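As a plain string of letters, each chain reads:
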Amino acid sequence: MWFFVISILILMLLQTSVTTLPLVLLFFLNTEVLSKKTWIFPISFLAGLVLDVLLLNPLGKTSLFLVIFLFIILLYDKKFDIKTFHFVFLASFIGSLIYFVAFQVSNILTQALISAIIAILSFWILIRLNRIDTKRKAGFNET
Amino acid sequence: MAKKENFTSIFLFFAIFALIIFTLSKFGFLSFPASILQKALSPFAGSVYSAFNFFSSPSKDSTISKIKEENRELVKKIVSQSVLQKENSALHDQFATTSIRSKILLPAKIIAAPSFIPGISSPQNFIIDKGTSDSVRVGNAVIYKDNLVGKVTEANLYFSKVTLLTDPSFSLTVKTLRTRSSGVVKGKGEKQMILDNVLQSDDIKVSDIILTTGDQDIKGLGLPPDLIVGKLISVNKKPSNLFQKGEVVSFLDFLSLSTVFVVTGY
């Protein structure tokens, strides 16, 4: 839990002060894919508010985006296995792309691609830190 | 099935809540609590930005930094001298067109400057620690040593968002220092900007210094005239085109800025 809270705080500060990449969105995506818990909604709602406050966006804009995005991810979970690298790559790419359009960020394709790569790498790291059954589901060949 | 209904209801609750907050915020009902929250949180973001800027920017004592600084000073002097010459000439011509500029400059610290790749690519906007309580208004120009940095596009009680002139949403009318040819500069999202709408008959060439034409209104909102936008680095003149085009680059290194000045009036 502490790892989650500290990571979110660090990523929020980085996203508001030094980079335009949606680090918080990517972290929530990975957490949602791995945990599939509903407590992610209130956390993402609050994180979105903090991001809006620090980036001088209209309050609630990022919260709304994050909540809808995570809801769609959970909906996909009902039909497909979402604990795969393909899904994380596609979801992070499309999610970032829509985020950049909604928040009028330039170089959207390059930034979305970089975001997707970051998402994949962090997904891999989280799996390594996490459980073996997740590794197996994600396509790791454990011997 | 029960689980699905559960997360749907939680989603609906937070989505509707976020939508209500968004609507209230859009109509300005939440500007005061947002300002207070930002005042409380900004020191953390400011510290992160300062730390990152310290480690990513090159040493202030390096030769390149000194040369860039000298170059900026020289360009500033050239522009001032040119403006003075023109004013002098106008005074000689029966006091024709003289405009006394007394800028009210408000120093502001940059607390955030998100960019694509931190420390490498140009930031897209700045968050500064001055807001409406310091007389900053949306539309105020933001400068650094007579070089245009951008324009205030959002402001709350204590903080403001500055859209940089390199941002794709930013455009302004400009003129060249040498021939007074007018055109429009638009941001590209990178370090370069596009100079467009320059008549084919106008004389522009590489290394021309580009200045703002000025669009301040009676309240002092907008861009003052004769601020340095940058230098022309390429010209594209095709007879088949209606206008000439070019590429402009600013004299400023936006990554190394830590303080800027808001022009709050005449």
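Quick look at the structure, then.

The rules behind the values
- Residues numbered from 1 in each chain as written.
- Chains lettered and ligands numbered in written order.
- Predicted model: local features only at pLDDT ≥ 70, side-chain atom pairs only at ≥ 80, totals over all residues.
- Heavy atoms only, no water.
- Contact = heavy atoms within 4.5 Å.
- Buried area = accessible area lost by both parts, 1.4 Å probe.
- Polar contact = N/O pair within 3.5 Å; in protein donor to acceptor, adjacent residues only side chain to side chain.
- Helix = DSSP H or I, 4+ residues; strand = E, 2+ residues; numbered from the N terminus.
- Nonpolar A, V, L, I, M, F, W, Y, C, P; charged D, E, K, R; others polar.
- Phe/Tyr/Trp six-rings, centres within 6.5 Å; stacked < 30°, edge-to-face > 60°.
- Buried < 20%, exposed > 50% of the residue type's maximum accessible area, 1.4 Å probe, protein only.

1. Remarks on the interface of chain A and chain B
Phase 1: Taken residue by residue, the interface counts 40 residues in chain A and 43 residues in chain B.
Phase 2: Summing both sides of the interface, chain A and chain B together bury roughly 3,500 Å²; the carbon and sulfur share of this comes to 76%.
Phase 3: Taken together, the connections running from chain A to chain B amount to 12 residue pairs in polar contact (both at pLDDT 80 or more).
Phase 4: Secondary structure elements with two or more residues in the side of chain A that touches chain B: helix 1 (2-17), helix 3 (40-55), helix 4 (61-79) and helix 6 (108-129) of chain A.
Phase 5: Ranked by the residues each element gives to the side of chain A that touches chain B, the list is headed by helix 4 of chain A, at nine residues.
Phase 6: Classifying every residue of the side of chain A that touches chain B gives 23 nonpolar, 14 polar and three charged.

2. Digging into the packing of aromatic side chains
Phase 1: Tallied over the entire structure, the rule returns 19 aromatic pairs over all chains.
Phase 2: With centroids separated by 5.1 Å and ring planes inclined at 15 degrees, the aromatic side chains of F45(A) and F17(B) adopt a geometry described as stacked. Here F45(A), found in helix 3, pairs with F17(B), found in helix 1 (residues 2-26), and the two come from separate chains.
Phase 3: Residue F45(A) is classed as buried on the basis of its relative accessible area of 4%.
Phase 4: By relative accessible area, which is 38% here, F17(B) ends up partly exposed.
Phase 5: Ring geometry for F71(A) against F11(B): centres 3.8 Å apart, planes inclined by 5 degrees, an arrangement best described as stacked. Placement of the pair is F71(A) in helix 4 and F11(B) in helix 1, with the two residues belonging to separate chains. An identical accessibility class is assigned to F71(A) and F11(B); each is buried.
Phase 6: An aromatic cluster is defined as three or more aromatic residues linked by ring pairs; in this entry it consists of F65(A), F69(A), Y99(A), F100(A) and F103(A).

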